[in-house]
Every structure is written in C-alpha cells, then in structure tokens.
Amino acid sequence: MTAPEEDDPIAIPSGYVTNLFDIAGRVAAVTGAGSGLGRAIAIGYAQAGCEVALLDVNDAGMEETARLIAAEGRSATIHHVDVTRKAEIEAAADAIVARHGRVDILVNSAGTAFRSPAEDYPEEKLDLILDLNLKGLYLCCQVFGKRMLAQGKGSIINIASIGAFIGYPWSSAYVAAKHGVVGATKVMALEWRDRGVRVNGIGPTLMDSPLTKAAATTTSLTADWIKGRMLRPRLGLPRELIGAAIFLASDASELVTGHTIMCDDGYLTA
Ligand SMILES: NC(=O)c1ccc[n+]([C@@H]2O[C@H](COP(=O)([O-])OP(=O)(O)OC[C@H]3O[C@@H](n4cnc5c(N)ncnc54)[C@H](O)[C@@H]3O)[C@@H](O)[C@H]2O)c1
C-alpha cells in the first residue's frame, strides 16, 4: 500500500483547502426531495452550486422544493419516482445523465415510519417499511451506483437514523430497515472503493420534519421514549444536516467511506 505518487506526498500544497468543500457544478440526485430532510439537503446543494435533481412521489412537494431553489436563483429538475420501482429509478437516472452527462452525488432520503407493538405489527406495514426504507434505498444505490462506477467517481449518502444503531419501542420494522441501511452502506462501500465510488450514511437524531409530526399523531410513545434520552430537549433541524451532506459529497471526505456519520446531538453517547 502506498500513498498516491507526488513529489512530496506529505506536503500540503498552497491553497489546498480553498476548494476542499467545493461541490459547485456537481450533479446531485436527492430522493425524498419533496419534504423534510431531502428538501433541506436539495436546497443546501443548490445553494452550494450543484445541479439538483429531485426524486419523489410527492409532486406538489417537489414543486415547492423547486420553487424554493428557484428563489435562490438556481433551478432543479423534477422526477416522479417511486423508489420501490427499479424501472422508475432507471428512467430518472437516464434522464439526469442525458441532461447533465453524469451524476456525482446521490442522497437517499425517501422513507417513512409506522409505529406498532412488534407482536401486532401489521404485515402490510412491515412490507411498506422494508420496501421503502431498505429495498428502495438499495435499488437507488444500485441504479445510480452503476452509473457512478462507469464514471469512476461518485458519492452516495444514505439517510439512516439513531435507529440504525439502537432500538426504541414500536419501531421494529423501521429499526430493522435502518440497521439494514448501515449494512448495505458498508458492503457497497467496500465493493466500490477501488472504483471511485464512496458510500456513506448520515444518522440524524429525531428531527423537526413532517414525518415526525405525522408519526406523533398516531402515538407519542416512540417520540417520548427518544426525547426522554436526549442530551438536550431539542429536535434537530433539517438544515443542520446540510453540512454533513456537503462534507460527504465533497473531496474533503476522500478517505471516508462505509461510515454513517451521526448528526444526533450526541444521542448515541448516552
Ligand atoms: N424525521 C426524523 O426525525 C428522522 C430521523 C432520522 C432519520 N430520518 C429519515 O430521514 C428520511 C426522510 O425523513 P423526513 O423526516 O424528511 O420524512 P418526510 O415524510 O418529511 O419526507 C419523506 C419523503 O419521502 C417521500 N416518499 C415516500 N415514499 C416514497 C416512494 N415510494 N418513492 C419516493 N419517495 C417517497 C415522501 O413523499 C416524502 O416527500 C427518512 O429515511 C427517515 O427515515 C428521519
């Protein structure tokens, strides 16, 4: 194992950090971009100068995200994609590559939650959670990963959760899916590292998003349990994930792959 050949491999070239986090001009596809965390990251990438493609089943939500991006003086493309359907992901990936010539970044944020005691967890909800949160994410990695491998470069960012590392009540399917996300992230990272594609995750704390509000209307048990163990009584804000999303998409994270970076306000330390 040797470091890349340079005249002086340990020298830091003048101005090295100037563009270290610069992702301007890169092409970013974001699933779940019609709401919540996906919307925030899509807007963050647009502010950073990326060409952004929005993927979701929520057309009105994507229109709103595109409007917010337009307000920044940027534009985004909208792709109606059910991430559980591989043909729809393929069509969107083809359209993005046809338009921009490549795709540099994929963020997988499409996902949902359903709360129920494990012994009574409805089978159709089990299918929904595993299909969307795990299989859908996996298929997006596969489809976009293949195009990134052909380019020899790319960065995939999977939105995980504190539930990817611990359990909490009435969330057995969600927690199983998110643990699976971390596993898939590791294996794809190791298979694709030497071909230029990095695969990482972001693990948010409980966030102030429409999903959290929707889940709280069905039961507050899960949220109460999580909130009772927070280091400070405060939900994460969607915009507070943008820094990690830019880091993982940028050359600043060149040696980072296979990891899930926790943006959990220290939750997992307790
Ligand atoms: N909100 C939180 O507290 C929290 C915490 C940790 C992790 N997460 C994860 O972050 C991700 C985003 O959550 P959010 O809070 O932004 O939720 P959200 O409900 O606000 O947004 C999710 C988006 O996914 C889209 N979606 C649903 N099914 C889809 C499908 N089949 N195909 C394509 N898009 C689909 C929805 O239309 C919606 O726009 C999820 O994976 C979630 O598990 C959320």
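Structure: see above.
Report on the accompanying structure. Per chain, residue numbering runs from 1 following the sequence as it is written. Restriction of local features to residues with pLDDT of at least 70 applies here, the model being predicted, together with a cutoff of 80 or more for giving and counting side-chain atom pairs; totals for whole chains, interfaces and linings are based on all residues.

## Considerations on the site of the ligand
Right, so step 1: We call a residue near a molecule or strand when its C-beta atom, built from the backbone, sits within 6 Å of it. Near the ligand lie 31 residues; those nearest to it are S35, G36, G111, S209 and L211.
Right, so step 2: The helix and strand labels rest on DSSP assignments: H or I over at least four residues marks a helix, E over at least two residues marks a strand, and numbering proceeds from the N terminus. Secondary-structure elements contributing two or more residues to the shell around the ligand are α1 (36-47), α4 (123-151) and α6 (210-218).
Right, so step 3: By residue class, the composition of the shell around the ligand is 12 nonpolar, 17 polar and 2 charged. Residues are grouped as follows: Ala, Val, Leu, Ile, Met, Phe, Trp, Tyr, Cys and Pro are nonpolar; Asp, Glu, Lys and Arg are charged; all remaining types, including Gly, are polar.

## Side note on the sheet that holds strand β4 (residues 105-108)
Right, so step 1: What the 7 strands build is an open sheet, ordered β3-β2-β1-β4-β5-β6-β7; its pairing is parallel. Each of the sheet's edge strands pairs with one partner strand only, and the pair in question is β3 (76-80) and β7 (260-263). For this sheet, the mean inter-axis angle between neighbouring strands, taken without regard to orientation, is 20 degrees.
Right, so step 2: Pairing analysis gives 4 bridges linking strand β6 (residues 197-204) to β7, with the strands arranged parallel. Bridging from a neighbouring strand, P204 pairs with C263 of β7.
Right, so step 3: Across the face of the sheet, helix α5 (residues 172-192) comes into contact with β5 (154-159), β6 and β7 while running at roughly 160 degrees to β6. Between any two strands, pairing holds if DSSP finds at least two bridges. Here, axes are lines fitted to C-alpha atoms. For helices the fit covers the stretch in contact, and angles between N-to-C directions go from 0 to 180 degrees. We call two residues in contact when the distance between their C-beta atoms, placed using the backbone, is within 7 Å.

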